Amino acid sequence: MLTLELALAGLGIGSIAALAGLGLLVTYRLTGVFNLAFGAIAMAAAYLLWQAVRVWHWPLALAAVVDVLVICPIFGVLLERFVFRPLQRRAAAPAEKLVASLGVFVVLLGGAVLVWGAQARLDAPSLVPYRQLPLPGGVQLPLSTVVDLAVIIVVGIGLALGQRTRLGLRVRAVVEQRELAELQGLDANRVAALGWAIGSMLAGVAGVLMAPTLRLQPYGLTLVMLETMAVVVVAQLTSPVRAIAAGLMVGVIQAELARVHLGGYSGALFDALTANLFVVALLVALLIVRRLNETGGDDAGTTARLTTRGELASARGWWLVPALTLAAPLMFNAQDRRVALAVPALAIVLVSIVVVSGYSGQISLGQAGFAGLGALIAARLAAGTMPGFGRIPGVAVLVMVPLLMVPIGLLLGWPAIRRRGLFLALTTFAFSVAVSRFVFDQPSVTSGLTVHPPDAFGSDNNFYVLELLCLAAAFLVVRNLHNGRVGRALIAVRDDESGALACGVDVRRLKLLVFAASAALAALGGALLAMGSRAFDTGAFDPTRGLIWFAAVVVFGIDSAPGAVIGAGVLVALDAGLPQGSSILVIGLCALLLGRMPGGLLHSMHRLFDHTVRRIAPGIVPDVRQRPTRAVQLTPAGRAMVGQLRRRAAGGQGVTP
Amino acid sequence: MSTTLQALGLSKSYNDVLIVDHVDFSAEAGRITVIVGPNGAGKTTLFNCLSGVEPIDAGVVLHRGDDVTGWSPDALSRRGLARTFQRSSVFPTLTVSDNLRVAAENHGRRGILRGVVGMRDPGRRRAVRTVRTVLAELGLSAIADVRAAVLPSGTLRLVELGRALCGQPDTLLLDEPASGLDDAETEEFHQLLHRLAARELAVVMVEHDLELVDETADVVYVMDAGRVVAVGPPGDVLGRSDVQARLFGHLIDRPLDQAP
Ligand SMILES: Nc1ncnc2c1ncn2[C@@H]1O[C@H](COP(=O)(O)OP(=O)(O)OP(=O)(O)O)[C@@H](O)[C@H]1O
Ligand SMILES: [Mg+2]
């Protein structure tokens, strides 16, 4: 039976979710960018309010107005001006814009951890005083619910009216056809700025309203806000009305279900489902919805534009850098070596992202889920508490973990076959959120777990060597996937999927296998990570970790396995040497600069180096951009074509029809 | 003379608009079949239906007598039905020879599994040889090691054609293969088409240049608004006034009954 009181309480949460979703939707429709950073913006706004009220002792109302109505919109406008407008101007691929928003996300998260620390605070200022309004019939209505509902109604009406105005119509024109609208004298940049301002403001409002109902904690709050993405997916990125309806409905159902109590194991599962109904909604919506109405072309899918695209042949001796990175810890003192244990493990996890996102072009934001599952399975196998298995001794665990992960990878690969680009990114992310909420957060699954290195490798030195062996094995798999026949086919899929199909490449199977291989690698890395730190820490496999890792891989070159090793080294070193949060901040800042360094940090350095050396000492390094051509006997058609190529190179123009 | 590819009653609609409307089509080995028709007639969509890229609403597709309706494009490609696209689908990151190599190698179920576990490809030698032959035939050997990203669009057309040939097809579907070629290249291209047809390949292509169609085609299909409105040898079909009206009516903007 439904109770009115619970339903009303649910409406409060529901309207906050709807609000966050609306902000996301508006930004997306007005700018074509799916702003993954919106959860982080909401979190930052909540922290700013806390800072102003609790530390600087501003009056609450003033602080809230300045925070939400001034700082958030200005932040949005700055984002448009300095991050997204340059990308728009050079017609960046949607994947690049997604990564840029990921960069903003990572910067805000890192910044928040750096400034406010990762610990939770319970005293987030509440905009609405706690009061119950008595309704007829003895029902109590919380004042906050009234306010939340009022805000969503006002925003909804505002947006609806805004769409009808002349400006609204012209804005729609920009969204549909940016170039066309620009020809008609409409300033597309202003419209985009408006979209960012509104989107950031709504994120801010949602964050400020949501924080008091939760604890104020950088990762946690951001993740909860991200979960409200469900609302947008249900709306298929289009309908604001559906987004609002979905938000309110999930909120109410959640409140109603909270009343039901079942006992035993299924009861615990039920409670988990209820408490995380937005996650359930996100997952279900992503699996049911056929397509998202994405803006932009259908080549939105792959990460091809983030890769080096074979621009430079890799320099000789290039392998020395990652090799040295890995060898150095063998000479470290005991304390530093303990820290360095994370490097090879993290490298394997990052390489798993290189495989799926760099080589085959499929965006996967869910590797944290695989890594965490790997750690969990390793711990349980070693303890003998894995259902269906006895105690697995020593190193055998490290063989079993990736093997057991293959079916799970295939399972996720299945929905991933048909999804591309943003849709795939969201699906993989939702997977890792679900794993985190329904597996890692369940005390019955993770409490009392101990992890430690296999017995024969108990000393740090030995374990480090074992890790290196695992990394070497991982690289063997990677080599199979990158070189030769499979490597070519993967690049073909990444560059042009329909072309690959036309060549007879069984794209579905290939994608499945890559997902499975990537999941297995991530699991191996996760298991080593947990063994090295001698603890199963769910925080280490938080879904937001997956986003940070993805950003790191993109920064260090999404299709570069050596880059992943160096990236792991840099991340671990920064974390050890600098205050908490700085490494994340650095990665985020680099991700924001990606627009200026296509192909990633290392590739750009390589190119710069190459360029400089050729300037200073021409002839010393061969021009790797143009490999020497073989001398062959040409047919007449070939001669004609080579002639034409030369002419074109001289004239600098092609004969496009 | 044998029919390699045949379609009966093929229909396809988008948003309840029939784009391909009960089309009967067949391609004969050793012949050049050309599809002409105004923009938006549904030629590319017909290709997409034949090659399995788009699921069809009604009809049957037969390849060498077997019913292949609903097959996936990659399976059809491995069966010997190769195609090119109107918008280039060359892989820019790969070199020209690697582009061809992808098509020459076996990337079916067994092939992929063997590759992923690191087993050697038994067909490796043959693939390399095929690629070399095709490169030489198209005059692409000189740029075999150049990345496709830096090539002009006319050359990309040839690369894509070469890629289609590397699968050792019996049927070639070419969507406007001559666009972007200059006169000399077009002439070369014709010779090539005839050589291919002489090898008992069924060549099917979409082409706008009627002069060229007249010279090369054995059979012409005229499409308009999703229907095949005329079929036959170019001499018979292209001169017909109703066909001319359909092909040029859009350009000169005259009602059908007043057409010459
Ligand atoms: N995926 C699709 N969804 C909706 N409509 C489509 C789709 N693909 C094609 N169409 C429509 O089908 C019609 C036929 O398109 P098609 O590309 O087959 O024409 P065409 O004969 O190849 O034209 P052209 O000579 O310009 O290449 C067009 O009106 C086009 O708008
Ligand atoms: Mg066409």
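Criteria and cut-off values
Residues numbered from 1 in each chain as written. Chains lettered and ligands numbered in written order. Predicted model: local features only at pLDDT ≥ 70, side-chain atom pairs only at ≥ 80, totals over all residues. Heavy atoms only, no water. UniProt positions renumbered as here; feature names shortened; annotations may be inferred. Donors = N, O, S within 2.8 Å, 3.2 Å for Na, K, Ca; no water. Helix = DSSP H or I, 4+ residues; strand = E, 2+ residues; numbered from the N terminus. Buried < 20%, exposed > 50% of the residue type's maximum accessible area, 1.4 Å probe, protein only. Contact = heavy atoms within 4.5 Å. Buried area = accessible area lost by both parts, 1.4 Å probe. Salt bridge = Lys/Arg side-chain N within 4 Å of Asp/Glu carboxyl O. Polar contact = N/O pair within 3.5 Å; in protein donor to acceptor, adjacent residues only side chain to side chain. Nonpolar A, V, L, I, M, F, W, Y, C, P; charged D, E, K, R; others polar. Near = heavy atom within 4 Å. Areas by Shrake-Rupley, 256 points an atom, 1.4 Å probe, with all protein chains shown as cover. Pairing = 2+ DSSP bridges. Axes fitted to C-alpha atoms, helices over the stretch in contact; angles between N-to-C directions. Patch = residues over 30% accessible without salt bridge, like charges linked within 9 Å, V, L, I, M, F, W, Y side chains within 5 Å. Lys, Arg positive; Asp, Glu negative; His and termini not counted. Charge placed at Lys NZ, Arg CZ, Asp CG, Glu CD.

Regarding chain A, the relevant UniProt record gives this comment under Subcellular location (unreviewed entry): "Cell membrane". For chain A, the Sequence similarities (unreviewed entry) comment in UniProt is given as "Belongs to the binding-protein-dependent transport system permease family. LivHM subfamily."

Focus: the coordination of the magnesium ion (ligand 2)
All names here are of chain B. Donor atoms from the polypeptide that coordinate the magnesium ion (ligand 2) comprise Thr44 (OG1) and Gln86 (OE1), at 1.9 to 2.1 Å from the metal. Taken together, the residues span a long stretch of sequence, with Thr44 in helix α1 (residues 43–50) and Gln86 in the loop between β6 (81–83) and α3 (96–104) at a distance of 42 residues. The class for Thr44 is partly exposed, based on a relative accessible area of 26%. Since its relative accessible area comes to 36%, Gln86 is described here as partly exposed.

Focus on the interface of chain B and chain A
The partner chain A presents 44 residues to the 51 residues of chain B that form the contact. Of the roughly 4200 Å² buried between chain B and chain A, counting both surfaces, carbon and sulfur atoms make up 62%. Viewed at the interface, chain A and chain B are joined by 3 salt bridges. Salt-bridge contacts for Arg488 of chain A lead to Asp98 of chain B; the nearest nitrogen and oxygen are separated by 4.0 Å. Seen at the junction of chain B and chain A, the total is 8 residue pairs in polar contact (both at pLDDT 80 or more). In terms of residue count, the dominant contributor to the side of chain B that touches chain A is helix α4 (residues 109–116) of chain B (7 residues). Of the residues that constitute the side of chain B that touches chain A, the class distribution is 21 nonpolar, 15 polar and 15 charged.

A closer look at the site of ligand 1
All names here are of chain B. Contacts to ligand 1 come from 13 residues, most closely from Gly40, Lys43, Thr44, Thr45 and Gln86. The backbone of Gly40 places a nitrogen or oxygen atom 2.9 Å from an oxygen atom of ligand 1. Burial of ligand 1 by the protein amounts to 61% of the accessible area it has alone, namely 640 Å². Here the element with the most residues in the shell around ligand 1 is α1; it accounts for 3 residues. Within the shell around ligand 1, the residues separate by chemical class into 4 nonpolar, 7 polar and 2 charged.

Some thoughts on the sheet that holds strand β4 (residues 58–63) of chain B
Residue and element names in this part refer to chain B. Taken together, the 4 strands give an open sheet; going across it, the order is β2-β1-β4-β5, and neighbouring strands pair in antiparallel fashion. A single partner strand is all that each edge strand has here, and the edge strands are β2 (17–28) and β5 (66–67). With 8 bridges joining them, strand β1 (residues 3–14) and β2 adopt antiparallel strand pairing. The residue bridging Lys12 from the neighbouring strand is Val20, located in β2. Against the sheet, α1 makes contact with β1, β2 and β4, and its axis sits at roughly 115 degrees relative to β1, the strand it touches most.

A short note on a negative patch on the surface
Residues and elements named next belong to chain B. A cluster of acidic side chains, namely Asp183, Glu187, Asp209, Glu211, Asp214 and Glu215, defines a negative patch on the protein surface. When contributions to the negative patch are tallied by element, the ones reaching two or more residues are α7 (183–198) and α8 (210–216). Among the elements that make up the negative patch, the one with the highest residue count is α8 (3 residues). Overall, the relative accessible area of 37% leaves Asp209 in the partly exposed class.

Concerning the pattern of salt bridges
Inspection of the entire model under this criterion finds 22 salt bridges over all chains. A salt bridge links Asp559 of chain A to Arg494 of chain A, with the nearest nitrogen and oxygen atoms 3.9 Å apart. In this pair, Asp559 of chain A sits in the loop between α25 (543–555) and α26 (561–577) while Arg494 of chain A sits in helix α22 (residues 484–495), placing the two residues 65 residues apart along the sequence. Across the pair, exposure class does not vary: Asp559 of chain A and Arg494 of chain A are buried alike. A salt bridge links Asp74 of chain B to Arg78 of chain B, with the nearest nitrogen and oxygen atoms 3.2 Å apart. One end of the pair, Asp74 of chain B, and the other, Arg78 of chain B, are both in helix α2 (residues 73–79), 4 residues apart, so they sit about a helical turn from each other. Overall, the relative accessible area of 4% leaves Asp74 of chain B in the buried class. Arg78 of chain B sits in the partly exposed class, given a relative accessible area of 36%.

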